[in-house]
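Per-entry structural report
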Amino acid sequence: MFTGIIQAVGVIRSLTPHAGDLSLTIDTQDLSIEGIQLGDSIATNGVCLTVVKLDQQSFTADVSAESLRCSTLADLKAGDPVNLEKAMTPTTHFGGHIVSGHVDGVGKIVKHFKDARAHRFWLEAPAQLAKYIAEKGSITIDGASLTVNEVSGNQFLLNIVPHTIANTIIKHYTLGTQVNLEVDIIARYLERLLTATDQQSESPINKAFLATHGFLK
């Protein structure tokens, strides 16, 4: 699990194809590798990757065909910057929201303008993800935990403060940039609870229960 607080921006060193999937080697730059071991997870542009090789300046991870289909990792090339976050621990400061590192789909920047020192981006999400995106709710963009400011259909607005711009790959976004999206995991579980009608008869958790306890209005 992750928090969506980007710890460093790394750089793609190399990509090695392997009959339908690939391996990525990433220069960690300012990311501390202290405590990282083989088999640990590092979110790379929001995709949870398992470290299979490690040295003092880089790590290598395998990227499955499924991850390539569901994310923007297939479009990366050597020299591209990527957001990095190590997996959270029991003592991690929880500054973002619960992030699994399992990308739900790819969105696209459709509008960008400045508002004082902040940058505001309108993004377009795949239609099937729109129902999970709520005003003032959380969403993960390339691994960064962000707040949704406004929603219109399957488009939503983000307000990015200067610190986030300076310390993530968001500084490189332009119109048409494609980004990895992970919706709030709580929304997904609520949907499952409400749609699993075959189980609702056996469970006290239903729409009435959720409304009584403040989860629905």
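Residues numbered from 1 in each chain as written. Predicted model: local features only at pLDDT ≥ 70, side-chain atom pairs only at ≥ 80, totals over all residues. Heavy atoms only, no water.

In the annotation of an unreviewed UniProt entry, the entry for the chain reads Riboflavin synthase, and the organism field reads Spartinivicinus poritis. Regarding the chain, the UniProt comment filed under Pathway (unreviewed entry) reads as follows: "Cofactor biosynthesis; riboflavin biosynthesis; riboflavin from 2-hydroxy-3-oxobutyl phosphate and 5-amino-6-(D-ribitylamino)uracil: step 2/2." (UniProt positions renumbered as here; feature names shortened; annotations may be inferred.)

Sheet architecture is closed into a barrel: six strands sit in the order β7-β8-β11-β10-β9-β12, paired in antiparallel fashion. Along the sheet, successive strands turn relative to each other by an average axial angle of 45°, direction set aside. (Pairing = 2+ DSSP bridges. Helix = DSSP H or I, 4+ residues; strand = E, 2+ residues; numbered from the N terminus. Axes fitted to C-alpha atoms, helices over the stretch in contact; angles between N-to-C directions.)

Moving on to the UniProt feature "domain: Lumazine-binding" (unreviewed entry) in the chain. According to UniProt, the positions carrying the feature "domain: Lumazine-binding" (unreviewed entry) are residues 1–97 and 98–194. Counting secondary structure, residues 1–97 comes out at 6% helix and 43% strand; the distance between its end C-alpha atoms is 10 Å. Secondary structure content for residues 98–194 is 16% helix and 44% strand, while the C-alpha to C-alpha distance between its ends is 21 Å.

One pass over the full model with this rule turns up six salt bridges. E66 serves as the salt-bridge partner of R69, at 3.1 Å between the closest nitrogen and oxygen. Taken together, the residues span about one helical turn, with R69 and E66 both in helix α1 (residues 65–70) at a distance of three residues. (Salt bridge = Lys/Arg side-chain N within 4 Å of Asp/Glu carboxyl O.)

Taken together, the side chains of M1, F94 and I98 present a nonpolar region at the surface, about 280 Å² in accessible area. Here I98 lies in the loop between β6 (81–86) and β7 (105–115). (Patch = residues over 30% accessible without salt bridge, like charges linked within 9 Å, V, L, I, M, F, W, Y side chains within 5 Å. Areas by Shrake-Rupley, 256 points an atom, 1.4 Å probe, with all protein chains shown as cover.)

So, on to the state of the cysteines. Counting across every chain of the model gives zero disulfides. With no disulfide of its own, C48 has C70 as its nearest cysteine by sulfur position, at a separation of 14 Å. Since its relative accessible area comes to 26%, C48 is described here as partly exposed. (Disulfide = S-S within 2.5 Å. Buried < 20%, exposed > 50% of the residue type's maximum accessible area, 1.4 Å probe, protein only.)

Turning next to empty space enclosed by the protein. Using the criterion set out here, one finds one cavity of 30 Å³ or more in the structure. For the largest cavity, the calculated volume is near 30 Å³. If you trace the largest cavity, you find it lined by I109, F121, L123, I141, L146, L158, I160, I170 and Y173. Of all elements in the fold, only β8 (118–124) and β11 (155–160) reach the threshold of two or more residues within the lining of the largest cavity. Residue composition of the lining of the largest cavity, by class: nine nonpolar, no polar and no charged. (1 Å grid on protein atoms, 1.4 Å probe; cavity = no way out; pocket = protein on both sides within 12 Å on 5 of 7 lines; lining within 4 Å. Points joined across faces, edges and corners; volume = space filled by probe spheres on them. Nonpolar A, V, L, I, M, F, W, Y, C, P; charged D, E, K, R; others polar.)

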